[in-house]
Amino acid sequence: MKRLTQGKHRVTGLKIDISKTYDRFEWGFIGNMLQKFGFSETWRDRIMRLVTSVSYNFIHNGSVFGDVVPQRRVRKGDPISPNIYILCVEGLSSIIRRNEDVGFLHGCVIARGAHAISYLLFADDCYFFFRANKGIRWMSWDRLCSVKGDDGLGFKKLRNFNLAMLAKQAWRLINNANSLVTSLMRARYFPNSDFVNAWIGANPSYVWRSIFETQDVVRQGCRHRIGDGQSTKI
């Protein structure tokens, strides 16, 4: 693709992580794929009994609750799971070939006379190759991060997600006052106050600067408990 500098068509490559596909296969889809491949009804029933014979329980305070039966997922580690995975992924291959036949998709041709390559499937990744559209319409990042119900794509705002993870560490500094990390941070950055009222200080470490970024977020979710009033300044 890097060497393709001539011609009127440009090619784009797209990499998709399919490592979580085992958890996404719906059981009805698996049954349909088995039927498409010509498995007899007896074999389909046997295979589907293996796939659907799973249920989950939850342990809370030492007691077992619930009997949850999912409607999707192929169990990893089961000897038959890799074969079911291959059968189901073949459905994706069929969809791609069908769109190629009608001219909706065009693969990447590396040399004149060579076959076009539309996709490459691996254990955890899938690579797609198709013609690039020069008239791409870009969408704003705010809209991409909107929930799908509001016509967005549900992307995560990485900064907000990072602040949320760091805020958990800040919350531990507030609630675990006797931990080793809290004692070290307190001695270095807020010896006479707490995290909510701390300053960034001089020559702060990268860890402290990162956690300190969440101070405003933590303040918005904090409430001061008066108690006996001894620690409350008026």
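Here the residue index of a chain counts from 1 through its sequence in written order. Given that the model is predicted, a residue must reach a pLDDT of at least 70 before its local features are reported, and side-chain atom pairs must reach 80 or more before they are shown or counted; all residues, however, enter totals for whole chains, interfaces and linings. Side-chain numbers come from the whole structure's heavy atoms, not from hydrogens or water.

**Q** An account of the packing of helix α1 (residues 27-36) against helix α3 (residues 81-101) is requested, with residue identities and associated values reported.
**A** Between N-to-C directions, angles cover 0 to 180 degrees, with each direction set by a line fitted to C-alpha atoms, over the stretch in contact for helices. Only DSSP runs of H or I covering at least 4 residues are called helices, and only runs of E covering at least 2 are called strands; the numbering of each starts at the N terminus. The N-to-C vectors of α1 and α3 enclose an angle of 85°; their axes lie 10 Å apart at closest approach. The pairing of α1 with α3 is recorded here as roughly perpendicular in orientation. Residues Phe-29, Ile-30, Met-33 and Leu-34 of α1 touch α3, and the partners they reach there are Ile-84, Leu-87, Cys-88, Glu-90 and Gly-91. Residue polarity is assigned by list, with Asp, Glu, Lys and Arg as charged and Ala, Val, Leu, Ile, Met, Phe, Trp, Tyr, Cys and Pro as nonpolar; anything else, Gly included, falls into the polar class. For the contact of α1 with α3, the per-class residue count stands at 7 nonpolar, 1 polar and 1 charged. An angle below 35 degrees is read as roughly parallel, one above 145 as roughly antiparallel, one from 65 to 115 as roughly perpendicular, and any other as oblique. When checking whether two residues touch, look at their non-hydrogen atoms; a contact exists if any pair is within 4.5 Å.

**Q** So what's going on with the nonpolar core? Residues and values would help.
**A** Across soluble globular proteins, nonpolar side chains show a tendency to be buried alongside one another. In this structure, Phe-25, Ile-30 and Ile-84 are the most contacted members of the largest nonpolar core, which totals 19 residues. Of all the secondary-structure elements, those providing two or more residues to this core are α1, α2 (41-52), α3 and β5 (125-131). When residues of this core are assigned to their parent elements, the largest contribution, 6 residues, is made by α3. Not counting residues up to four positions away in its chain, the partners in contact with Ile-30 are Phe-25, Met-48, Val-51, Val-74, Ile-84 and Cys-88. Definition used in this section: a nonpolar core is a set of buried Ala, Val, Leu, Ile, Met, Phe, Trp, Tyr and Cys residues joined via side-chain atoms within 4.5 Å. To sort residues, take the accessible area from a 1.4 Å probe on protein chains only and compare it with the maximum for the residue type: under 20% means buried, over 50% means exposed, and anything in between is partly exposed. Among the nonpolar cores identified, the runner-up in size contains 12 residues, and Leu-173, Phe-190, Phe-195 and Trp-208 belong to it.

**Q** Run through the pairing of strand β2 (residues 56-60), naming residues and quoting values.
**A** Examined bridge by bridge, β2 and strand β3 (residues 63-68) share 4 bridges and lie antiparallel to one another. Across the sheet, the residue bridging to His-60 is Ser-63, located in β3. Connecting the antiparallel pair β2 and β3 is a turn made up of 2 residues, with Asn-61 showing a positive phi of about 55°. The rule for pairing is simple: two strands pair if DSSP sees at least two bridges between them.

**Q** Requested: an account of the sheet that holds strand β4 (residues 119-121), with residues and values cited.
**A** Spatially, the 3 strands line up as an open sheet ordered β1-β5-β4, and their pairing is antiparallel. Each having just a single partner strand, β1 (11-17) and β4 make up the two edges of the open sheet. Averaged over all pairs of adjacent strands, the angle between strand axes in this sheet comes to 15°, irrespective of strand direction. Inspection of the sheet shows β1 paired to β5 by 7 bridges, in the antiparallel sense. Bridge pairing links Ile-16 to Cys-126 in β5. Strands β4 and β5 of the sheet are contacted by α3, whose axis makes an angle of about 175° with β4.

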